[in-house]
Amino acid sequence: MTLSLHPHNDRGTGVADAELALLAGADRVEGTLFGNGERTGNVDIVTLALNMYSHGVDPGLDFSDMCSLVETYERCTRMQVYVRSPYAGSLVFAAFSGSHQDAIAKGMKFRQKNRLHQWNVPYLPIDPKDIGRTYDADVIRVNSQSGKGGIGYLLEQMYGYNLPKKMREHFSYGSRIQGSAREPCRSGCALHHHSGHDADFARMVGKQ
């Protein structure tokens with residue numbers, strides 16, 4: 001006999017129901033991509049599978065090209081995947097807050113320095129690269145909430161600038177980079193912030 005689950009999400013607990021049932025001995029889960037289905041939808045098989053993956057359990061499903069999967073789903077169903085949908089949304093790995101950016105940047109450097117294989121970066125349940133996302137475009141994003149840590153991380157990773165602490169402060173709190181991030185479509189654009197950095201840096205050198 002195969003014990004199969006078919007949870008719906010009417011009370012917002014579809015994923016939790018499925019996980020608890022699997023722990024209790026269920027054999028199979030019937031779910032849908034991104035929770036599509038009747039009423040509030042069936043259990044989201046993407047979230048369920050990647051929750052398992054984040055705890056070291058291989059779900060047997062391939063999500064290595066999440067962007068392509070989202071594109072195909074939206075094209076075929078004419079429905080949209082919410083930008084903050086777990087694992088698949090365009091903003092789920094994006095850190096805007098200065099304290100979050102600082103913790104992520106330190107976690108990345110710690111892994112690199114110690115050559116760690118196990119993923120243990122704060123605020124990121126899985127390695128974005130495992131589902132086809134990238135660090136520079138997805139993880140550290142700059143807007144008016146960002147502090148010196150996020151701006152410093154982007155400039156170092158993308159342009160090789162390892163700024164002193166005081167100089168990072170110049171390009172964060174109240175700076176033209178934070179101001180420019182408030183403009184439409186400017187959030188997280190490293191090239192735009194780089195040009196702003198060059199202009200400010202040239203003025204600073206000229207004053208010396």
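Residues numbered from 1 in each chain as written. Predicted model: local features only at pLDDT ≥ 70, side-chain atom pairs only at ≥ 80, totals over all residues. Heavy atoms only, no water.

Asks: Just checking my understanding: could you explain the nonpolar core for this structure?
Replies: Nonpolar side chains tend toward joint burial in soluble globular proteins. If you look at the biggest cluster of nonpolar residues, it comprises 27 residues, and the most contacted ones within it are Phe-34, Met-66 and Leu-124. Those residues in contact with Phe-34, other than ones at most four positions away along the chain, are Asp-44, Val-46, Met-66, Leu-69, Val-70, Tyr-73, Val-81 and Ala-88. (Core = buried A, V, L, I, M, F, W, Y, C linked by side-chain atoms within 4.5 Å. Buried < 20%, exposed > 50% of the residue type's maximum accessible area, 1.4 Å probe, protein only. Contact = heavy atoms within 4.5 Å.)

Asks: Honestly, unusual backbone geometry in this entry has me stumped. Any pointers?
Replies: What you tend to see is this: most non-glycine residues have negative phi, and most peptide bonds are trans. Although it is not a glycine, Phe-34 sits at a positive phi angle of roughly 60 degrees. Assignment of secondary structure puts Phe-34 in the loop between β2 (28-29) and α2 (45-54). Although it is not a glycine, Tyr-87 adopts a positive phi angle of roughly 70 degrees. Among the secondary structure elements, Tyr-87 is positioned in the loop between α3 (66-77) and α4 (98-114). (Helix = DSSP H or I, 4+ residues; strand = E, 2+ residues; numbered from the N terminus.)

Asks: Please explain α4 as it appears in this structure.
Replies: Each full turn of the α-helix corresponds to 3.6 residues, which orients residues three or four apart in the same direction. In a regular helix each residue adds 1.5 Å, so 17 residues correspond to 24 Å; α4 covers 24 Å between its end C-alpha atoms and thus fits that length. Those residues of α4 that fall on the buried side of the exposure criterion are Gln-101, Ile-104, Ala-105, Gly-107, Met-108 and Arg-111. All buried residues of α4 lie within an arc of 160 degrees about the axis, which places them on one face of the element. Seen from the open side of α4, the exposed residues pointing more than 90 degrees away from its buried face are Lys-106 and Lys-113. Following α4 by one or two positions, Arg-115 adopts a phi angle in the positive range, close to 50 degrees. (Expected span 1.5 Å × (residues − 1). Arc of directions from axis to C-beta.)

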